[in-house]
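Observations on the three-dimensional arrangement
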2 protein chains.
Amino acid sequence: MVSSKDVAKHAGVSQTTVSRVLNSPEFVKKPTFDKVMKAIHDLNYVPNGHARSLVQNKTSTIALLSGPLHNPFFVDTTSAIVHYANEMGYRVNVQFVNDEKLNEAYATAIEHKVDGVILSCILLDDPIFEKLTRMDIPFITYNRKHKNNEHFVEIDNFKAGYLAAQHMIEQGHTAIAWVGGTLTVSTFNNRYLGFLQAMKDYKLCLPEQYIINTDASKQAITDAFHKLMKLEHPPTAICAGADSLALFLIDVAIQENYTVPQDISIIGIDNVDISSHGSIQLTTVGSISEQNLGYLAIRELIEMIENKKNSCIQITESVKVFHRSTTRKN
Amino acid sequence: MVSSKDVAKHAGVSQTTVSRVLNSPEFVKKPTFDKVMKAIHDLNYVPNGHARSLVQNKTSTIALLSGPLHNPFFVDTTSAIVHYANEMGYRVNVQFVNDEKLNEAYATAIEHKVDGVILSCILLDDPIFEKLTRMDIPFITYNRKHKNNEHFVEIDNFKAGYLAAQHMIEQGHTAIAWVGGTLTVSTFNNRYLGFLQAMKDYKLCLPEQYIINTDASKQAITDAFHKLMKLEHPPTAICAGADSLALFLIDVAIQENYTVPQDISIIGIDNVDISSHGSIQLTTVGSISEQNLGYLAIRELIEMIENKKNSCIQITESVKVFHRSTTRKN
DNA sequence: TATAAAAATGGTTACGTATTCATTTTGGTT
DNA sequence: AACCAAAATGAATACGTAACCATTTTTATA
């Protein structure tokens, strides 16, 4: 492997000068600069990023711990995060983690002394939080948050759950079910609480069988749907804890020859990009702002890294209903 | 930052022993091992990956240069690639590149001495190819390939184009249009050639206005659709060069109050995961095998990295039609 | 017990860069 | 020409690890 020493020798200068040519060319005379550049080109030299990271203690790398891409929410956020980070000169190490394999993911992230960590998949009560804090690595969570989290970006999850229920109620539904994810996740927890509050405020009956909080796998959602529709009095509407769940539900419904929304109304939360596709037209609750959570989070993280500011970043975006075609008057 | 020297001092051993505890514990006595582990834990030590990379000339990192995630094909492949790589102990540096900003992307990838590069976005006649070869970094392309490419994984694009046209013809269509991407991309080029061949074999008339090869942006596809449907004799069927294009077309069609497939049949190529969703049910041509191209590519790349084998990897997967609900008898 | 072999540990160095400080060269002024 | 300040360059070092070789300690064998 050709190093800056080789370049120096080839150009008849010192390694220091080679380094200067690349990092502070204003301090080197034109002829010297040209000589070195020629040598760099001749030898096909590429500086070694690891050596630089080692000496500068700066990696220009960010670790992204995202949820899986089969959830369209993470498609949108991952895309936004990687694009913005690259634009700002950072490389992004991506990992798609499920909640179990979290520890490994953190380990590899930390070993490489990334400049910052941006993550979604943290539990309300996650020991990882302390580790990251102790490591003194800037980090921010998006979508989810930790119980004593300082830096996070989220939507108003409680209100989102509330609005979802309210929307169904306003459409004349009374038999409204909830299908959400595990409550150890802040997002699902708050959305669920919002849903409950609306049902209470509007004095609607909510039988226990109408409430399903399970893991977010396709299989679990399929089972949930079956369970609901086989009840003696099946619901006429389902509020899903996330668009990804809503899309699963719709898929299952169609497979089982139900028509959405004629047979059953379904609303999601997140307003993922694909929900507005003509073939899907998912009614959902999402951020009022155009910018997705991933973008907001990475912007703040890079701000934290570069300006070392330690003021708390706590962004909660307002939400509204996007009324499309998967819900209708009952 | 706490280093292995600090650990060594704290444990009363040499730095070498600390290194051994972590990398070849079988050569260190139990009591010493315990002492060191305690020190590691006490000091909250995490080894520095960059220093290790520097001395070992091995990074356990792979650069992924993918197309954008709004194309669902890249959602599937990115997911598969990152998952498999992580499982095999590699970190993945992801960049979503458009064809213009390719050079920057390569530069940052190469600077960090990644163990390998996996890329989709290469043009048939791309100077990058030579650079990578000269750098002696193992690399493989998926989906697309370079004109003198050695390692690649693709589907049988020519046949895919052929089958798409054939499917429409068998459904009784005669006015069949083509909407594909730029022909400097191997994938689109071969699919287009296959389409042409089928039209020729079946002796179908193909007016020039029925052929649109443009960039793959939503706007361009919208324009293409308008152009086609405003013709005096609009087509009754469109073969799209990729599922992403087909999905754009369907979205536009629905917005413009066309019904798919009643008003117009549309077929894609790739069989992306989302195409089988109940709300979409896109008829498409895709690989016979279950495994997506990203998975095949990363598997081969890691094989190349670890076994230094230099036999050419040239995988072309057979394809078939997945007949769903966006095409029908004319 | 003596001795050789094996096991365990330590000292030193290299990896490739940026940085600090010292030295040389340049250019301007008298 | 002499001198000084400024500009340009170079030498030496640190970053944190793994690897190589040397040394010490332990174990097995006669």
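Residues numbered from 1 in each chain as written. Chains lettered and ligands numbered in written order. Predicted model: local features only at pLDDT ≥ 70, side-chain atom pairs only at ≥ 80, totals over all residues. Heavy atoms only, no water.

So, on to the relation of the copies chain B and chain A. Between the two copies of the chain lies a rotation about an axis combined with a shift along it. Structural alignment of chain B on chain A gives an RMSD of 0.1 Å, achieved by rotating through 180 degrees and translating 0.0 Å along the axis. On the angle and the small slide along the axis, the relation comes out as a two-fold axis. (Least-squares fit on C-alpha atoms with pLDDT ≥ 70 in both.)

Our focus in this paragraph is the domain arrangement of chain A. Residue and element names in this part refer to chain A. Domain annotation of chain A identifies domain 1 (4–47), domain 2 (57–155 + 291–318) and domain 3 (157–287). For domain 2 and domain 3, the distance between their C-alpha centres works out to 28 Å. Listed by partner, the interface residues are 13 residues for domain 2 and 18 residues for domain 3. The junction of domain 2 with domain 3 conceals about 1300 Å² of combined surface from both sides, 54% of it contributed by carbon and sulfur atoms. Across the contact surface, domain 2 and domain 3 share zero salt bridges. Viewed at the interface, domain 3 and domain 2 are joined by six residue pairs in polar contact (both at pLDDT 80 or more). At three residues, the largest contribution of residues to the side of domain 2 that touches domain 3 is made by helix α5 (residues 72–87). Partitioning the side of domain 2 that touches domain 3 into residue classes produces five nonpolar, three polar and five charged. (Domains from an automatic or database assignment. Contact = heavy atoms within 4.5 Å. Buried area = accessible area lost by both parts, 1.4 Å probe. Salt bridge = Lys/Arg side-chain N within 4 Å of Asp/Glu carboxyl O. Polar contact = N/O pair within 3.5 Å; in protein donor to acceptor, adjacent residues only side chain to side chain. Helix = DSSP H or I, 4+ residues; strand = E, 2+ residues; numbered from the N terminus. Nonpolar A, V, L, I, M, F, W, Y, C, P; charged D, E, K, R; others polar.)

Bringing the interface of chain B and chain A into the picture now. Facing the 44 residues of chain B at the interface are 44 residues of chain A. With both chains or domains summed, chain B and chain A bury close to 4400 Å², and 59% of this area falls on carbon and sulfur atoms. Taken together, chain B and chain A are joined by 13 residue pairs in polar contact (both at pLDDT 80 or more). Elements with a contribution of two residues or more to the side of chain B that touches chain A: α4 (49–56), α5 (72–87), β2 (91–96), α6 (102–111), α7 (128–135) and α11 (243–255) of chain B. Across the side of chain B that touches chain A, the residue classes break down as 18 nonpolar, 20 polar and six charged.

Here we come to the protein's contact with DNA strand D. Every one of the 28 residues lining DNA strand D counts as a neighbour, but A:Thr17, A:Thr32, B:Ser4, B:Ser19 and B:Tyr45 are closest to it. Counting only atoms of DNA strand D within 4 Å of the protein, the fraction found in sugar and phosphate groups is 61%. B:Gln15 places a side-chain nitrogen or oxygen 3.1 Å from a base nitrogen of DNA strand D. B:Gln56 places a polar side-chain atom, nitrogen or oxygen, 3.4 Å from a sugar or linking oxygen of DNA strand D. Elements with a contribution of two residues or more to the surface near DNA strand D: α2 (15–23) and α4 (49–56) of chain A together with α1 (4–11), α2 (15–23) and α4 of chain B. Its residues assigned to classes, the surface near DNA strand D shows 10 nonpolar, 13 polar and five charged. (Near = heavy atom within 4 Å.)

Attention shifts here to the UniProt feature "domain: HTH lacI-type" (unreviewed entry) in chain A. Here the UniProt-annotated "domain: HTH lacI-type" (unreviewed entry) positions come out as residues 2–56 of chain A. A distance of 21 Å separates the end C-alpha atoms of residues 2–56 of chain A, which is 71% helix and 0% strand. (UniProt positions renumbered as here; feature names shortened; annotations may be inferred.)

What follows covers the packing of α5(B) against helix α12 (residues 293–307) of chain B. All names here are of chain B. Close contact between α5 and α12 brings their axes to 7 Å; oriented N to C, the two are set at 35 degrees. Of the two elements, α5 crosses α12, and the hand of that crossing is right-handed. Taken together, the residues of α12 that come into contact with α5 (itself represented by Phe73, Thr77, Ala80, Ile81, Tyr84 and Ala85) are Leu293, Gly294, Tyr295, Ile298, Arg299 and Ile302. When grouped by side-chain class, the residues that make up the contact of α5 with α12 number nine nonpolar, two polar and one charged. (Axes fitted to C-alpha atoms, helices over the stretch in contact; angles between N-to-C directions. Left-handed = near helix turned anticlockwise from the far one by under 90°.)

Glancing now at unusual backbone geometry. Geometrically, the link from A:Val260 to A:Pro261 is a cis peptide bond, its omega value of 5 degrees lying close to zero. For A:Pro261, the location among the structural elements is in the loop between α11 (243–255) and β9 (265–269). Unlike most non-glycine residues, B:Lys113 shows phi in positive territory, near 45 degrees. One non-glycine residue, B:Asn271, lies in the positive phi region at around 50 degrees. For B:Asn271, the location among the structural elements is in the loop between β9 (265–269) and β10 (284–287).

This brings us to the packing of aromatic side chains. Tallied over the entire structure, the rule returns 12 aromatic pairs over all chains. Ring centres of B:Tyr84 and B:Tyr295 lie 5.4 Å apart, and the angle between their planes is 85 degrees; this geometry places the pair in the edge-to-face category. Highlighted residues: B:Tyr84 in helix α5 and B:Tyr295 in helix α12, separated in sequence by 211 residues. With centroids separated by 5.9 Å and ring planes inclined at 45 degrees, the aromatic side chains of B:Trp178 and B:Tyr192 adopt a geometry described as tilted. Within this pair, whereas B:Trp178 is found in strand β6 (residues 176–180), its partner B:Tyr192 is found in helix α9 (residues 186–201), the two being separated by 14 residues in sequence. The exposure class assigned to B:Trp178 is buried, which follows from its relative accessible area of 0%. Three or more aromatic residues joined by ring pairs form one cluster here, namely A:Trp178, A:Tyr192 and A:Phe195. (Phe/Tyr/Trp six-rings, centres within 6.5 Å; stacked < 30°, edge-to-face > 60°. Buried < 20%, exposed > 50% of the residue type's maximum accessible area, 1.4 Å probe, protein only.)

A word on the sheet that holds strand β8 (residues 237–240) of chain B. All names here are of chain B. Pairing within the open sheet is mixed, and its six strands lie in the order β7-β6-β8-β9-β10-β12. Two strands close off the open sheet at either side, each with one partner strand: β7 (211–213) and β12 (319–322). Going across the sheet, the axis of each strand differs from the next one's by a mean of 20 degrees, ignoring polarity. Here three bridges tie β8 to β9, and the two strands are oriented parallel to one another. Opposite Cys239, over in β9, you have Ile267 as the bridge partner. Across the sheet, helix α8 (residues 157–170) touches β6, β8, β9, β10 and β12, and the angle it forms with β9 is around 160 degrees. Sheet strands in contact with helix α10 (residues 218–229) are β6, β7 and β8, and its direction is about 165 degrees off that of β6. (Pairing = 2+ DSSP bridges.)

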